[in-house]
Amino acid sequence: MRKRLVSMLLAGCMVVSLCGCGKTAAGDTATDTTSTDSGTEEAATEEAAAVPGEVFGDTVQYDPNVPINNGEDIKIDFWEWGSDELFQQIVDGYTAIHPNVQIELVNNPWEDYWTKLPLALDGKDGPAIFNIHNSYHQNIVNYCAPYDIPTEDLEKDFNGVAAHVIDGNVYYIDYGIMTGSVYYNKDMWEAAGLTDADIPKTWDDMIAVAKKLTIKDGDNIVQAGWSFNDNVNSNYLMGVNYQLGQNLFDTDNKTCVVDNDATKKVFQMLIDAYDKEGVGSKDFGTSATDSFGQGQAAMAIAWGWFNNTLQSDYPDINYGVFEIPTFDGDPYAYNRYNGESTFGINKNADEKQQAVAQDIVKYFLANDELQVKFNLAMNTFPAKTSLADNEEILSNKAMAAIADHIDKYIWPGPVPATVEDSLKIAAENVFYNDMSIDEALKTAQDTINNDLKSKNFEAVESLYKYAK
Amino acid sequence: MKKKIQSIVLNIILISIGIVTMIPFLWMVASSFKANKEITALYQTFLPKAFTLQNYVSMNSHFNFMRFFANSLFITITLTVIVVYSSTICGFVLGKYRFRGRELLFGLILSTMMIPWCVTIIPKYTMIKAFGWLNSYKALIIPGLFSGFGIFMMKQHMETIPDEILEAARIDGANEFYIFHKIVLPMSKNGIASIAIFQFLWTWEDYLWPYLAISDRNKQLLSVGLRMFSGQYATDFGAMFAATAISIIPVLLTYLIFQKQFIAGIAASAVKG
């Protein structure tokens, strides 16, 4: 009897929950990803997507008056991960111009997308167009068709195109770039008697400010002025070295050279910040970004994505963002960046579908409104040069922080994961296992170069605008 | 007195293990009523400080929960029914018939259980793609028609049914079809319940194969939908916990309904003869 009661209760819960879901789902039609020619759905998209009548774009231009696929009906799949709503804006805008095109948007979980995508692309039934991340470059690029847009046109409109040219072809570029900046807690800042004039420009300033922000109860830290736990590798050892003119890779673009004086200097600065200056502790919080979000650290370096995380997970934190400090105010490059990529086109797809995919890419690249929306959503700085002083872009804290020196950030290329992983181990060995900096970096370098032997990676640091 | 103390100690140990097992589950359910900022807060409380139903309301922002739930229910029930039947009939043949190559056949079936699934998933994908079954439920159902584990379990179970009963039925003129459906099946309730629960659970939570085989969002399963909460840079823990809390209800219901037979079935299959 009791069992039956529990079963009925659970079944009741399920029905009530599902009814609740149903109600929400009904309001979900606006995000239905299939754009069809049915009357009701057209009505839904009509409101959102205005049809441009004029050619738009800078050098890469899009003419909405040119029919696609001779105006005949065609359906393509568009695979992506992340936000359906974001990609839906491309679909709505494009299909409003070309109602003969039906785009099936397929959302994927980030992690396993990279297992499924190569399998799907290895045949004719894969998606005609798909979202790319450069960290999976090697697995995907062989399935991509080159863009049907002259490289020189892309270079006129977008930064960093040269790094994506392979044998004269471009398979994807960056629509936005993301890098590390310093996030600081404004309430803690004010409580420490600091003002905007105290925003540090150099690492010495940073340590001085961090000391003022650190609160201790005896020997115990209550509030860290600056935390870098769990991201020494990605935010410092793979970025701050550039400030001293030290690349991650040798001039052959293949050999990793993290065992060098500049990286050792960065490493030592971090150790001293904790051990000598006492601005934080390796044992105070497992992750700098978590500690910052939880109000335990006053400053942390994080990439643009953290801006979204703070807004969604830590809405009570009153924070600001400033550019990463330098050693002398005149760095070779401020930091490393990585790009959010434009879309790939499936070279195995039907020719007509490929033509539509090429057209969508051109529509996306020429469309400033979409460029701004995608960059704001991803917290990336637009690669499109004409948007560098866009008001909406500059109203974003993470982007405003890097806007002044955006051309002084460097992309090393789609660096294989072994670099970040091996340097993470190096950082853990130094901070927690009493290994010397020299030994940790040498071990990391040996591991990385051994792993790179099986990779077809080539660094593009030499393509940096101010490369020596 | 000694027996009583032993019983108390045993119960304390079992209760402790039960609590340790249950706490993560209960924490997940409790957290489904918390905002993300509370879930990721430094100082955790078991019960929500600020109770919210928002996670349940916003589940659909990631995918059409109800659709995915219904799809999962359909595939899971279909596969469970098929596997229960195919395992029972195969178990009956292997357990009650003597024929040449029987042991070899059984060995081959057992060997399918020894091969890690990750080794077979790419060839399986290639085959299904060649058959043109991708994006169709055929890709999910047909490769799962037979279960090596199910056949093994049911063979063990069949061996507990006395041959004399079957002989008596044959003498009374019953054919093999009648014997299986009218005598063996009703006598296999416990074994069937065990297989049903295992199969239901496995199919319900199977993620990678449905994800690889299905791309159409109208056909996608709940296990795939649950992964949508984990993004490139962040995870919507609250919505994920809410969706997971609801998604486990069918599994709990199945277990509660078949609990008694499940335990009896597992016990019977563990003892041959």
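Residues numbered from 1 in each chain as written. Chains lettered and ligands numbered in written order. Predicted model: local features only at pLDDT ≥ 70, side-chain atom pairs only at ≥ 80, totals over all residues.

**Brief notes about the overall build of chain B**
Just so we agree on the cut-off: Secondary structure elements follow DSSP: runs of H or I of four or more residues count as helices, runs of E of two or more count as strands, with numbering from the N terminus. Exposure classification rests on a simple neighbour count of other C-beta atoms within 10 Å of a residue's own: a residue reaching 20 or more is buried, one at 12 or fewer is exposed, and one in between is partly exposed. C-beta atoms are placed from the backbone.
Looking only at helices and strands, one finds 15 helices and zero strands in chain B. In terms of overall dimensions, chain B has C-alpha extents of about 70 × 70 × 30 Å along its principal axes. Residues counted as buried form 37% of the 273 residues belonging to chain B.

**Concerning unusual backbone geometry**
Residues and elements named next belong to chain A. Backbone geometry places Asn70, a non-glycine residue, at a positive phi of 55 degrees. Note on placement: Asn70 falls in the loop between β2 (61–62) and β3 (74–81). By the C-beta count within 10 Å, which is 8 here, Asn70 ends up exposed. Positive phi outside glycine occurs at Asp230, with the angle close to 75 degrees. Topologically, Asp230 is positioned in the loop between β10 (220–223) and α9 (232–237).

**Concerning helix α13 (residues 351–366) of chain A**
Applicable threshold: Residue count minus one, scaled by 1.5 Å, sets the expected span of a helix.
The first and last C-alpha atoms of α13 of chain A sit 23 Å apart over 16 residues, in line with the 22 Å expected at 1.5 Å per residue. All of the buried residues along α13 of chain A are Gln353, Val356, Ala357, Asp359, Ile360, Val361, Tyr363, Phe364, Leu365 and Ala366 of chain A.

**Quick word on the domain arrangement of chain A**
Residues and elements named next belong to chain A. For the record, the criterion: The source of the domain bounds is an automatic or database domain assignment. Ten residue types, Ala, Val, Leu, Ile, Met, Phe, Trp, Tyr, Cys and Pro, are classed as nonpolar, four, Asp, Glu, Lys and Arg, as charged, and the remainder, Gly among them, as polar.
Taken domain by domain, chain A holds domain 1 (32–173 + 342–366) and domain 2 (178–338 + 407–463). Computed over C-alpha atoms only, the centres of domain 1 and domain 2 are separated by 35 Å. Looking at the side of domain 1 that touches domain 2, its residues break down into two nonpolar, five polar and no charged.

**Observations concerning the pairing of β3 of chain A**
All names here are of chain A. Definition in use: Seen with the strands pointing away from the viewer, any crossover whose path from the first strand over the helix to the second strand runs clockwise is right-handed. Only strands joined by at least two bridges in the DSSP assignment are considered to pair.
Among the eight residues in β3, six count as buried, and that is most of the element. Taken together, β3, helix α3 (residues 84–97) and strand β4 (residues 101–108) constitute a β-α-β crossover, and its handedness is right-handed. The sheet contact formed by β3 and strand β5 (residues 129–131) spans two bridges and is parallel. The residue bridging Phe78 from the neighbouring strand is Ile129, located in β5.

**Describing the nonpolar core**
Where a protein is soluble and globular, its nonpolar side chains tend to be buried together. What counts is decided by this rule: Throughout this description, the term nonpolar core refers to a group of buried Ala, Val, Leu, Ile, Met, Phe, Trp, Tyr and Cys residues whose C-beta atoms join them within 7 Å. Placing a C-beta atom from the backbone of each residue, one calls two residues in contact when those atoms lie within 7 Å.
The biggest cluster of nonpolar side chains holds 122 residues, and the ones touching the most others in it are Phe78, Ile129, Tyr183, Leu237, Met299 and Ile360 of chain A. At eight residues, α13 of chain A tops the list of elements feeding residues into this core. Taken domain by domain, this core gets at least three of its residues from each of domain 1 (32–173 + 342–366) and domain 2 (178–338 + 407–463) of chain A. If near-sequence neighbours (up to four positions away) are discounted, Met299 of chain A is found in contact with Val182, Tyr183, Tyr184, Ala210, Leu213, Gly225 and Trp226 of chain A. If you look at the next biggest cluster of nonpolar residues, it comprises 55 residues, including Val84, Cys90, Phe152 and Trp204 of chain B.

**Notes on the sheet that holds strand β14 (residues 343–345) of chain A**
Residue and element names in this part refer to chain A. Our working rule: Inter-axis angles, ranging from 0 to 180 degrees, are taken between N-to-C directions of lines fitted to C-alpha atoms, where helices are fitted over the stretch in contact.
Taken in spatial order, the four strands of this open sheet run β4-β3-β5-β14, and their pairing is mixed. Across the chains shown, the open sheet's two edge strands, defined by having one partner strand only, are β4 and β14. Strand-to-strand twist of the sheet, defined as the mean angle between neighbouring strand axes without regard to direction, takes the value 20 degrees. Packed on one face of the sheet, α3 meets β3 and β4 and runs near 175 degrees to β4. With respect to the sheet, helix α4 (residues 110–121) is in contact with β3, β4 and β5, its orientation differing from that of β3 by roughly 135 degrees.

**Section: the environment of Ala224 of chain A**
All names here are of chain A. Turning to its location among the elements, Ala224 is positioned in the loop between β10 and α9. On the basis of neighbour counts, which here come to 28 C-beta atoms within 10 Å, the residue Ala224 falls in the buried class. For the pair Ala224 and Asn108, spaced 116 residues apart in sequence, the C-alpha separation works out to 38 Å.

**Some words on the packing of helix α5 (residues 102–114) of chain B against helix α8 (residues 148–158) of chain B**
All names here are of chain B. For clarity, the cut-off: Should an angle fall under 35 degrees it is taken as roughly parallel, and over 145 as roughly antiparallel, whereas 65 to 115 is taken as roughly perpendicular and any remaining angle as oblique. Less than a right angle of anticlockwise turn of the near helix away from the far helix marks a crossing as left-handed, whereas a clockwise turn marks it as right-handed.
Relative to each other, α5 and α8 sit at 130 degrees, their axes nearing to 8 Å. In this view, α5 runs oblique relative to α8, as classed from their interaxial angle. α5 and α8 meet at a crossing whose hand is left-handed. Contact residues: Phe106, Ile109, Leu110, Thr112 and Met113 in α5; Gly148, Phe149, Ile151, Phe152 and Lys155 in α8. Taken together, the residues of the contact of α5 with α8 break down into seven nonpolar, two polar and one charged.

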